[in-house]
Protein chains: 2
Amino acid sequence: MNTKFFSNWVGRKSDVYDPLITVAERVEQFNLLKAADAARALAALPQEQAVAILDRPELHHAAAIVGRMPVEIAGRLLNAASNDRVADILHEMEGDRRTLVLGTLDADARLAVQTLMGYPPKTAGSIMTTEFVSVPSGWTVAETLDHVRRVERSRETVYAIYVLDPDSQALVGLVTLRRLITGEPDAPILSVAHKSAPVTVDPMTGQEDVARLISKHDLLALPVVDDAHRVLGIVTVDDVIDTMVAETTEDVHRFGGMEALGKPYMKISFAGMIRKRGGWLAALFLGEMLTATAMQHFETELEKAIVLTLFIPLIMSSGGNSGSQATSLIIRGLALGEVRLRDWWRVLLREIPTGLTLGAILGVIGIARIVAWQWLGFYDYGPHWMLVALTVGVALTGIVTFGSATGSMLPFLLQRIGFDPASASAPFVATLVDVTGLVIYFSVAIVILHGTLL
Amino acid sequence: MNTKFFSNWVGRKSDVYDPLITVAERVEQFNLLKAADAARALAALPQEQAVAILDRPELHHAAAIVGRMPVEIAGRLLNAASNDRVADILHEMEGDRRTLVLGTLDADARLAVQTLMGYPPKTAGSIMTTEFVSVPSGWTVAETLDHVRRVERSRETVYAIYVLDPDSQALVGLVTLRRLITGEPDAPILSVAHKSAPVTVDPMTGQEDVARLISKHDLLALPVVDDAHRVLGIVTVDDVIDTMVAETTEDVHRFGGMEALGKPYMKISFAGMIRKRGGWLAALFLGEMLTATAMQHFETELEKAIVLTLFIPLIMSSGGNSGSQATSLIIRGLALGEVRLRDWWRVLLREIPTGLTLGAILGVIGIARIVAWQWLGFYDYGPHWMLVALTVGVALTGIVTFGSATGSMLPFLLQRIGFDPASASAPFVATLVDVTGLVIYFSVAIVILHGTLL
């Protein structure tokens with residue numbers, strides 16, 4: 001942001017464009033302060049600024065900060081903050097402190113916040129705000145404009161005006177500010193409302209589906225309604241962006257083979273880090289131990305043809321890599337709705353020829369490597385080196401095909417049994433494929449090298 | 001969306017809330033049609049509806065559809081569509097057809113579209129729209145309201161009103177619709193403008209940074225300005241969401257060890273699929289061939305102690321898995337700004353103890369496994385089985401530490417040399433760690449089993 005430009009251009013500080021730093025930048029400054037210092041600084045700021053800062057989810061340790069404020073100051077700030085933000089902050093507090101702070105809220109705010117806190121995490125109810133503009137369906141454009149001007153003076157962003165039935169309080173229409181401005185003053189408010197029925201969700205809708213709907217319909221806010229179609233709150237587009245960023249982080253962590261960290265990397269405790277990573281690492285290790293069992297099963301073949309061991313890492317990693325590719329494609333395909341659960345067989349019909357082709361490519365490279373090393377004298381693979389090369393080539397084709405098929409099917413299976421398909425991490429797929437890959441390798445070897453090495 | 005509720009509640013079709021399907025749902029229908037059929041269907045719809053559908057980026061084959069329309073109809077629709085959408089559609093067209101269609105645009109629209117098309121992909125200039133509401137700084141609130149009412153009737157969403165200096169056309173302020181409504185009619189427009197200077201970007205700013213700014217400052221739109229602070233266009237929040245979704249897909253594909261697919265999974269051609277996956281798969285294969293070289297180097301040890309081969313997959317996969325975890329954490333940490341390039345040594349200081357601890361945990365499990373199998377008689381690891389167990393335990397500790405360190409450092413290195421840190425895919429890290437892991441394993445074995453097996 002070119003603040004120099006403005007201070008030069010505008011000149012005097014009394015001009016409107018006093019280049020104050022933005023709220024987001026203040027939040028970054030506050031994030032560097034210890035909670036106690038931040039609490040003091042926040043309490044010293046003008047009310048409006050302090051609330052704007054507290055309202056931002058990017059303020060990491062808001063709960064700790066509020067916890068260190070005198071209770072009356074905490075109440076003063078939280079009463080003016082958004083209810084959904086207050087609910088999030090209170091969630092992170094200890095029980096006693098939380099009750100104390102809840103007590104400082106106005107009756108209306110307290111009820112709203114407690115309702116919001118009652119919803120399970122990651123649902124529409126847990127991320128919605130209860131503060132939105134609504135008018136009865138009998139009003140005119142002029143009455144609505146007047147209402148927005150006077151009563152809604154405190155609300156910074158008005159996403160849309162929700163028109164409710166005066167008796168049932170059900171949502172009957174949605175009016176954008178733009179249409180409100182261009183409407184005839186005496187026209188009924190419903191006459192400038194959106195033509196199609198507003199898109200809504202119920203409070204138990206998962207936040208990922210909420211984000212998808214907002215993105216799909218290009219909405220600025222999505223109303224959350226109950227069974228009687230009464231508006232409980234709205235989920236706003238900025239909350240959705242924050243949600244999407246957090247979701248992506250979780251997905252990447254899980255795809256990397258661990259539990260989502262849930263906290264910034266530099267802020268998680270050592271014990272927390274070990275917990276989040278050790279679990280999956282140990283589980284995958286236990287699964288991978290089957291490779292030792294498989295190798296023990298083939299120990300006779302191993303002793304007879306040690307040359308086969310040279311290519312074990314190569315073959316296994318190819319299986320794991322092709323599986324990792326396939327699983328990442330299907331995880332995203334499912335997430336974007338490009339692929340649905342019932343498309344699994346169509347995916348399989350694509351993955352098998354793809355795996356065969358990719359495996360054949362690697363097989364040719366593998367054979368070429370062995371042939372080259374033998375001819376150039378870098379290594380002697382023994383008198384049956386050509387059969388060894390063939391074994392490696394065929395095994396590669398087989399394992400890459402199997403890896404692609406397994407990697408692509410795993411997210412479907414996980415979703416079918418109720419898990420998040422994104423749990424199909426790259427290491428998980430690799431572990432699955434490793435064991436079968438070894439079996440494929442040695443089985444191919446037994447066939448091709450029968451009578452010679454084996 | 002509860003359309004049944006509305007049709008029952010509202011009753012007559014002439015009511016405003018005729019539950020027409022939403023634009024997004026129509027777009028999904030059109031996505032299932034072949035281009036020629038879609039072109040006919042689109043041309044038959046009322047202008048407003050057709051433009052609304054064409055305007056959506058979710059309409060996948062818009063370029064093909066426009067290509068199959070009579071040129072005059074294409075011009076009619078594109079002249080009414082958003083300039084940024086027209087630029088995107090034209091980008092995907094063939095040169096001749098593109099020139100033809102460009103010719104049907106109004107002079108102003110054509111200039112705007114050509115300017116937009118001139119920007120490199122994935123920059124603010126390439127995703128911005130040139131259609132925004134601006135007023136001179138000398139106007140009053142009433143004049144601005146009037147302007148929005150009359151001249152801007154066609155614009156569906158007004159994100160904000162940009163106040164420009166009448167001589168230099170530079171951006172001097174930003175007014176939200178909400179503040180416009182609540183302003184006194186005779187007040188100068190600047191008196192209801194936002195207090196801090198508007199956040200802006202230049203057209204060459206990367207789209208990821210644009211998305212980050214919009215998310216950080218909770219904006220609905222971000223003005224794109226030139227050196228003289230004149231507004232060239234705005235990037236809107238819905239474009240940002242689309243951008244973020246596409247970015248995540250690319251990142252997941254790359255983390256899975258392949259090039260970003262760039263098309264929906266079910267729509268990419270077979271050859272395209274092979275190209276996108278085969279490249280990385282072959283490259284990783286070539287890198288992994290070093291493991292064969294490493295094993296050949298240790299062939300003496302291998303022949304003397306075949307029992308060591310039983311645990312090669314186990315040890316290598318543990319290195320790869322811990323590396324995958326570490327790299328996913330740092331990729332996200334860098335993307336979110338939680339970790340910066342200069343923090344690499346702090347990350348290393350965290351990863352080394354973490355790797356040692358995690359490796360020790362796996363080492364203990366590994367030793368337990370060997371001890372258990374030996375005692376329970378499932379397998380005989382030979383007279384020196386305790387030393388073998390110790391070798392495996394120490395090697396696991398070493399390789400998990402190395403894997404965590406390597407996995408965490410790789411994204412930093414990639415970013416330092418100018419690549420996207422997200423290219424540090426799980427398979428890439430695993431390949432790096434495999435080779436060194438083997439060296440660690442056999443080196444540890446040589447030390448511990450010296451004089452006994454080796």
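Residues numbered from 1 in each chain as written. Chains lettered and ligands numbered in written order. Predicted model: local features only at pLDDT ≥ 70, side-chain atom pairs only at ≥ 80, totals over all residues. Heavy atoms only, no water.

J.: Any chance you could explain the overall build of chain A here in plain terms?
T.: What chain A contains, in helices and strands, is 20 helices and 5 strands. Each principal axis of the C-alpha atoms in chain A carries an extent, and together these give about 95 × 50 × 50 Å. Scored against the burial criterion, the 454 residues of chain A give a buried share of 54%. Put simply, 67% of the contacts in chain A that link residues at least 6 apart link residues at least 24 apart. Counting only carbon and sulfur atoms, one obtains 59% of the accessible surface of chain A, whose full area is about 18,800 Å². Mean positive and mean negative side-chain charge positions of chain A (38 and 48 charges, respectively) differ by 3 Å. (Helix = DSSP H or I, 4+ residues; strand = E, 2+ residues; numbered from the N terminus. Buried < 20%, exposed > 50% of the residue type's maximum accessible area, 1.4 Å probe, protein only. Contact = heavy atoms within 4.5 Å. Areas by Shrake-Rupley, 256 points an atom, 1.4 Å probe, with all protein chains shown as cover. Lys, Arg positive; Asp, Glu negative; His and termini not counted. Charge placed at Lys NZ, Arg CZ, Asp CG, Glu CD.)

J.: Looking at this structure, I do not really get empty space enclosed by the protein. What am I missing?
T.: Summary: where empty space remains is shown by rolling a probe the size of a single water molecule over the atoms. Per the stated rule, a full pass over the model turns up 3 cavities of 30 Å³ or more. Counted as a void, the largest cavity has a volume near 260 Å³. Surrounding the largest cavity, 21 residues form its lining, A:N321, A:A430, B:G320, B:N321 and B:A430 being those nearest its centre. At the level of secondary structure, the elements contributing two or more residues to the lining of the largest cavity comprise α17 (312-336) and α20 (426-448) of chain A together with α17 (312-336) and α20 (426-448) of chain B. (1 Å grid on protein atoms, 1.4 Å probe; cavity = no way out; pocket = protein on both sides within 12 Å on 5 of 7 lines; lining within 4 Å. Points joined across faces, edges and corners; volume = space filled by probe spheres on them.)

J.: Got a minute to help me understand a nonpolar patch on the surface in this structure?
T.: Residues and elements named next belong to chain A. Side chains of W344, W345 and L349 sit close together on the surface and give an oily, nonpolar patch of about 370 Å² of accessible area. Tracing the backbone through its elements, the reader meets L349 in helix α18 (residues 344-375). A relative accessible area of 58% places L349 in the exposed class. (Patch = residues over 30% accessible without salt bridge, like charges linked within 9 Å, V, L, I, M, F, W, Y side chains within 5 Å. Salt bridge = Lys/Arg side-chain N within 4 Å of Asp/Glu carboxyl O.)

J.: So what exactly am I meant to see when it comes to the interface of chain A and chain B here?
T.: One widely used convention gives an interface's size as the accessible area the parts lose upon coming together. Counting from both sides, the interface comprises 137 residues of chain A and, opposite them, 136 residues of chain B. When the two sides are added together, the surface that chain A and chain B hide from each other amounts to roughly 12,700 Å², 66% of it contributed by carbon and sulfur. When residues of chain A are sorted by the area they lose upon contact with chain B, A:R178, A:Y265 and A:F285 head the list and together hold 7% of the total. At the boundary of chain A with chain B, the tally comes to 6 salt bridges. One can count 35 residue pairs in polar contact (both at pLDDT 80 or more) joining chain A with chain B. Looking at the side of chain A that touches chain B element by element, the count peaks at 18 residues for helix α15 (residues 270-297) of chain A. (Buried area = accessible area lost by both parts, 1.4 Å probe. Polar contact = N/O pair within 3.5 Å; in protein donor to acceptor, adjacent residues only side chain to side chain.)

J.: Help me out: how do you make sense of the UniProt feature "domain: CBS" (unreviewed entry) in chain A in this one?
T.: The sites that UniProt annotates as "domain: CBS" (unreviewed entry) are residues 128-192 and 193-250 of chain A. Its end C-alpha atoms 38 Å apart, residues 193-250 of chain A is made of 41% helix and 19% strand. (UniProt positions renumbered as here; feature names shortened; annotations may be inferred.)

J.: What is the right way to read the domain arrangement of chain A from this model?
T.: Taken as a whole, chain A is organised into domain 1 (3-118), domain 2 (133-236) and domain 3 (265-448). Put simply, the middle of domain 1 of chain A and the middle of domain 3 of chain A, counted by C-alpha atoms, are 51 Å apart. (Domains from an automatic or database assignment.)

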